[in-house]
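# Descriptive analysis of the structure
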Amino acid sequence: EIGMEFRGDAEVLSILERAGADVRGERVRFERGMCRSIIQASAPAEFIQHARNPERSIRLGGMNTALAPAGGAPFVHDLDRGRRYASLEDLNNLISLVQTIPCLHHAGGFLVAPMDKDLSERHLHAMESQFLFSDKPVVCAGAGTTVAEDCVRMSALVFGEEFLARNCVLYGAVNTNSPLVLDATMMEGMKVLARANQAVTVSPYILSGAMGPVGLAGALAQQLAEAMAGLALYQLLRPGAPCTMGTFIGAVSMQTGGPAFGTPESMLGSAAAVELARRLGVPSNNAGGAVTAARIPDAQAAYESALTLHTNLLSGANIIWHCAGWLEGGLTTGYEKLMLDADLCSSLEVLTRGIDLSTESQSMDAIREVEPGGHLLGATHTMKHFETALWRPSIWDSKTYEQWSEEGSQDAAKRANALWKRRLAEYEPPAIDAGVREALRDYRRRRAQEIAASPA
């Protein structure tokens, strides 16, 4: 009855009208079941996103879950310098740190926006940085024709035109303007990525009480409508193009109007949205990883992040964004928060493996070896497996008070501060062909000059 607006793109409106939608001006209405039938006719239930290191490629869909770090923040925070505008150096540092964290499966894209670079060229730096400082799958900016085309062309320099034409190597984010709008900038990017047969997520980012109703059922209905309308358009642009459905629902504080995270409504809503994506038959993308409204890595940050990520992981979301580093409602990415969240991610990742029921894991030799009332610390089986059998944190510790005092009485954030500095000092970028490195650099420089010289 209400419909959705597709603003500023006559070509899209024509495509939707030819497909059978009711188009009146920029308002588009779909018959019951139309979007679902278009999506289910061609959208893949699973697909592989290839990394430049084949061992790091990921499968999205089915029973698979991939974790990705925070993204999009204009500010960065660490204990030494506090909150400040992010720079290209920060972006390179954070991508490098993500490369050292096995439980994060994506390079990260815009972990922060490099505010020392002009807006028009930031996407060029983000793509180059991902390819130089990581060999994990990459994220592209899908905001507009120029940006998306640059991302596709830079990926072709790394993977080759032929490989790119046959495989998914890029994952772009398409955000609706909730409530019920898809704007021209997003649609331009969609068209570029669809023609290149690359992946997008269509992701309403609904905060109940602001961009969606406070009633959870209503917010879910709106989210599903926006996502299905966008996904249907993507399949009309290129049937079979890989795509995922965004499934995050948040809330705003009714006291302040600011975003609220770790709320029970968000957890219920996101889990339900993942199930709706599963019913639709497309992989689910959840943008509610270790998210928080906290400004620093404190107790609030820990609770909100743990509650949200834990719920979304157990919901079976196929890829979860913002799993490490998120602060201040997404305005800030934190160095210490990144490392603290890495421990959280790695601990929760253990849950996805289930229980090992092998003969060795049943440990009967250890049970037979130790007399009743004894202990198994020195058992043969324990000594054989103690290094790998149980999860080991990088920052959290179980030391006695005396040990902790002797070592400086450091809290978790201070230990995280020391860890990221040590990781960066020891970091070595993954190998990349020298010719590819130069081609990326030359492309970035040339395009930055061309963009700067073009009319506004």
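Residues numbered from 1 in each chain as written. Predicted model: local features only at pLDDT ≥ 70, side-chain atom pairs only at ≥ 80, totals over all residues. Heavy atoms only, no water.

## Details of the overall build of the protein chain
Each helix and strand counted, the protein chain has 17 helices and 20 strands in total. Computed over its C-alpha atoms, the radius of gyration of the protein chain comes to 23 Å, within 12% of the 23 Å expected for a compact globule of 456 residues. Each principal axis of the C-alpha distribution contributes one length, and for the protein chain these read about 80 × 50 × 50 Å. Buried positions account for 54% of the 456 residues belonging to the protein chain. In the protein chain, the share of contacts with a sequence separation of at least 24, taken over all contacts with a separation of at least 6, comes to 73%. Per element, the accessible surface of the protein chain, about 20600 Å² overall, is 54% carbon and sulfur. Across the protein chain, the 41 positively charged side chains and the 52 negatively charged ones have centroids separated by 4 Å. (Helix = DSSP H or I, 4+ residues; strand = E, 2+ residues; numbered from the N terminus. Rg over C-alpha atoms; globule rule 2.2 N^0.38 Å. Buried < 20%, exposed > 50% of the residue type's maximum accessible area, 1.4 Å probe, protein only. Contact = heavy atoms within 4.5 Å. Areas by Shrake-Rupley, 256 points an atom, 1.4 Å probe, with all protein chains shown as cover. Lys, Arg positive; Asp, Glu negative; His and termini not counted. Charge placed at Lys NZ, Arg CZ, Asp CG, Glu CD.)

## A closer look at the packing of helix α5 (residues 145-159) against helix α7 (residues 184-195)
Packed helices, taken two at a time, are described by the angle their axes make and the gap between the axes. Axis separation between α5 and α7 bottoms out at 8 Å; the angle between their running directions is 25°. When the axis of α5 is compared with that of α7, the two are roughly parallel. Crossing geometry of α5 relative to α7 is assigned as right-handed. Packed against α5, whose contacting residues are Thr-145, Ala-148, Glu-149 and Val-152, the element α7 presents Glu-188, Gly-189, Val-192 and Leu-193 at the interface. (Axes fitted to C-alpha atoms, helices over the stretch in contact; angles between N-to-C directions. Parallel < 35°, antiparallel > 145°, perpendicular 65-115°, else oblique. Left-handed = near helix turned anticlockwise from the far one by under 90°.)

## A short note on the environment of Asp-442
In this fold, Asp-442 is placed in helix α17 (residues 434-453). Since its relative accessible area comes to 41%, Asp-442 is described here as partly exposed. Between the alpha carbons of Asp-442 and Asn-93 there is a distance of 22 Å; along the sequence they are 349 residues apart.

## Some details on unusual backbone geometry
Across the junction of Ser-178 and Pro-179, the peptide omega takes the value 10°, indicating a cis bond. Among the structural elements, Pro-179 can be located in the loop between β10 (170-174) and β11 (181-182). Here Glu-328, not a glycine, exhibits a phi torsion of approximately 55°, which is positive. One non-glycine residue, Ser-363, lies in the positive phi region at around 60°. Relative to the helices and strands, Ser-363 is located in the loop between α12 (359-362) and α13 (364-369).

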